[in-house]
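# A look at the structure
This is what each chain is made of:
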Amino acid sequence: MDEIKINVTRSSMPPLEEYIEEIKPLWKSRWLSNHGEVAQKLEAELKERLDVVDICTFVNGHMALEVAIQSLSLPQGAEIITTPYTHISTTHAITRNGLTPVFVDIEPVHYTLEPARIEEAVTEKTAAIVATHVYGFPCDVERIEGIAKKYGLVVIYDEAHAFSVKYKGIGIGNFGDYSMFSCHATKVFHTIEGGLITCKPEHASEMRRIRQIANFGNVSEDDISYVGPNAKMNEFAAAMGICNLRHLDEMIALRRAADTRYCERLMDVPGIHVPRPSAETDWNYIYFPVVFDGVRFNRDAVKAKLDAHGIYARKYFYPLTNMAHCYAPQYANADLPVAREVSQNVLTLPMFSDLTPEMVDEICDVILKEE
Ligand SMILES: *Cc1c(COP(=O)(O)O)cnc(C)c1O
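Now for a description of the structure that goes with this document. On a predicted model such as this, the values are computed, not experimentally measured, just so you know.

### Some words on the site of the ligand
Near the ligand there are 17 residues, and of these Gly 61, Asp 158, His 161, Ser 182 and Lys 187 occur at the shortest range. With respect to the ligand, the backbone of His 62 contributes an N or O atom lying 2.8 Å from an oxygen atom. For the ligand, whose free accessible area comes to 380 Å², the fraction covered by protein is 93%. Cavity membership is defined here by more than half of the atoms lying within 2 Å of grid points; on that basis the ligand lies in the largest pocket. Among the secondary structure elements, those contributing two or more residues to the shell around the ligand are α4 (61-70), α5 (88-95) and β8 (178-182). Residue classes in the shell around the ligand are distributed as three nonpolar, 12 polar and two charged.

Rendered as C-alpha cells:
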C-alpha cells in the first residue's frame, strides 16, 4: 500500500494539558514505577469502572495473561483448551508457560469457543480453559462455567477486546476465575502499553500472589518465592490511563456513531455478514468486523481495493494461531472448520473514536463499488 489515508485504528489521546497535570507530581516524587501512587489510583478507579473486587495493573496485556496462567502452578505439559481465533498472544501465553494448547472450534455467531467442542476435548490432562471474548463479544460464560465445574477446570478469559463490556448488566471481568484486559494503544481504553488482571470475588486473596509474581517473584524484601518476570505498569502509563478513563464514555459514544453508520451501509448487503453482540451485551464498539461470502465478495479482493484507496483494513484474525509458523508443525491439522471459514473471509474495517460518518461512507463506497 502506498500512503495510509484511513488506518484500521487510531489511538485516542486525552487533552495534552490533562496529561501534563497528571504527570507533574512525578517530578517531585521521583517514583516512576513499582506500583506507585498513580498506578494505585488507576487501579482504584478501574475497580469502580469495571465493577470488580480487585485489579492488578501490568506492563502489557500479554504479560498479564502469562502471569495469571503462571499463578495457577499447573504441571508442565498440562492441556489447556483454547481458541485458535484470537491474537497470537493468547496461544503464546499458554506455551511460554510450558503448557499444551488444545485448539477447539468456535461457534458461528459470535466466533467464541463452542461449548460442545470444549466438552469433547476434555481429557484427564486438561487443567484449564483459556477463552477469548473476541471483538468484545462475550463467550457463552454460563455453559463454560458449567463445564469447568463439572471437570474441575480453571477458566481464564482473554478480555483484551472487552474493556467496559457488560453481560446481563454485570462487568465482564467477574466471569471466569481470572480475566485479562489489554490497555494497548490500539484498544478501546489504553495506557499506551498496559494490561490488567481481574478475578471473580472468590479469588481476591490470590491477587497478592499475582502481584508478587509480576515483580520478579518478590514476596518480601528478603524472600523471592517465584520465578517471576518484571511485568509492572509504570507511572507515566498509569497517568495516561487516568486521563483516558475520564473520556472513555465520550470515546465509546463516538465509536457507536461510526458503528451505526457502518450498519446502515452494510447490514443488508447480500454477501456481507455483519456479526453483532447478543442482546444481553453492553458492548464497547471496539471493532467493526465483516465476513464476506466468498462469492459475491472476496475478502482478499476487497482488501486490495481498500489498500489501493489508502484505507487499511485488517485480516483480523488470519491466520488462525494454530497455523502460525511456530505452531503449524504440531497443530495445523486441528479440526477447526468454523474458525477456518471465518478466518478466510473476515476483515475488520477501520474503527476509532474520530472516524467520522463521512469517512465510513468513503470506506463503504469503495467496498460496494462495482469493478
Ligand atoms: C491485544 C491483544 C492481546 C495482547 O495485549 P497487549 O496489551 O498488546 O500485550 C492479547 N489478546 C488479544 C485478543 C488481543 O487483541
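### Concerning α5
Along an α-helix, a turn takes 3.6 residues, which lines up residues three or four apart on a common side. Within α5 the residues assigned to the buried category are Ser 89, Thr 90, Thr 91, Ala 93 and Ile 94. Lining the buried residues of α5 we find α4, β2 (79-82), β3 (100-103), β4 (126-132) and β5 (154-158).

### Re empty space enclosed by the protein
Any space left empty among the atoms is revealed by the rolling of a water-sized probe across them. Overall, the coordinates contain three cavities of 30 Å³ or more when judged by the stated rule. For the largest cavity, the calculated volume is near 50 Å³. Ser 12, Met 13, Pro 14, Val 188, Asn 244, His 247, Leu 248 and Met 251 together form the lining of the largest cavity. Class assignment for the residues of the lining of the largest cavity results in five nonpolar, three polar and no charged.

### Notes on the sheet that holds strand β6 (residues 166-167)
Strand order in the open sheet formed by three strands is β7-β6-β13, with antiparallel pairing between adjacent strands. Two strands close off the open sheet at either side, each with one partner strand: β7 (170-171) and β13 (281-282). Alignment of β6 against β13, held across two bridges, turns out to be antiparallel. Within β13, the position partnered with Lys 166 by the bridge is Asp 282.

### Examining unusual backbone geometry
The peptide bond linking Tyr 316 to Phe 317 adopts the cis configuration, its omega dihedral lying at 25°. Tracing the sequence through the fold places Phe 317 in the loop between α10 (299-308) and α11 (328-331). In this chain, Tyr 318 is followed by Pro 319 through a cis amide linkage whose omega measures -5°. If you check the backbone angles, Asn 34 has positive phi at about 55° while not being a glycine. Here Asn 34 is to be found in the loop between α2 (25-29) and α3 (37-50). For Lys 168, which is not a glycine, the phi torsion comes out positive at approximately 50°. When you line up the elements, Lys 168 lands in the loop between β6 and β7. Note on Lys 168: relative accessible area 46%, which makes it partly exposed.

Analysis parameters
Residues numbered from 1 in each chain as written. Predicted model: local features only at pLDDT ≥ 70, side-chain atom pairs only at ≥ 80, totals over all residues. Heavy atoms only, no water. Near = heavy atom within 4 Å. Polar contact = N/O pair within 3.5 Å; in protein donor to acceptor, adjacent residues only side chain to side chain. Areas by Shrake-Rupley, 256 points an atom, 1.4 Å probe, with all protein chains shown as cover. 1 Å grid on protein atoms, 1.4 Å probe; cavity = no way out; pocket = protein on both sides within 12 Å on 5 of 7 lines; lining within 4 Å. Sits in = over half its atoms within 2 Å of the grid points. Helix = DSSP H or I, 4+ residues; strand = E, 2+ residues; numbered from the N terminus. Nonpolar A, V, L, I, M, F, W, Y, C, P; charged D, E, K, R; others polar. Buried < 20%, exposed > 50% of the residue type's maximum accessible area, 1.4 Å probe, protein only. Contact = heavy atoms within 4.5 Å. Points joined across faces, edges and corners; volume = space filled by probe spheres on them. Pairing = 2+ DSSP bridges.

In short, shape yes, function no, at least from these values alone.
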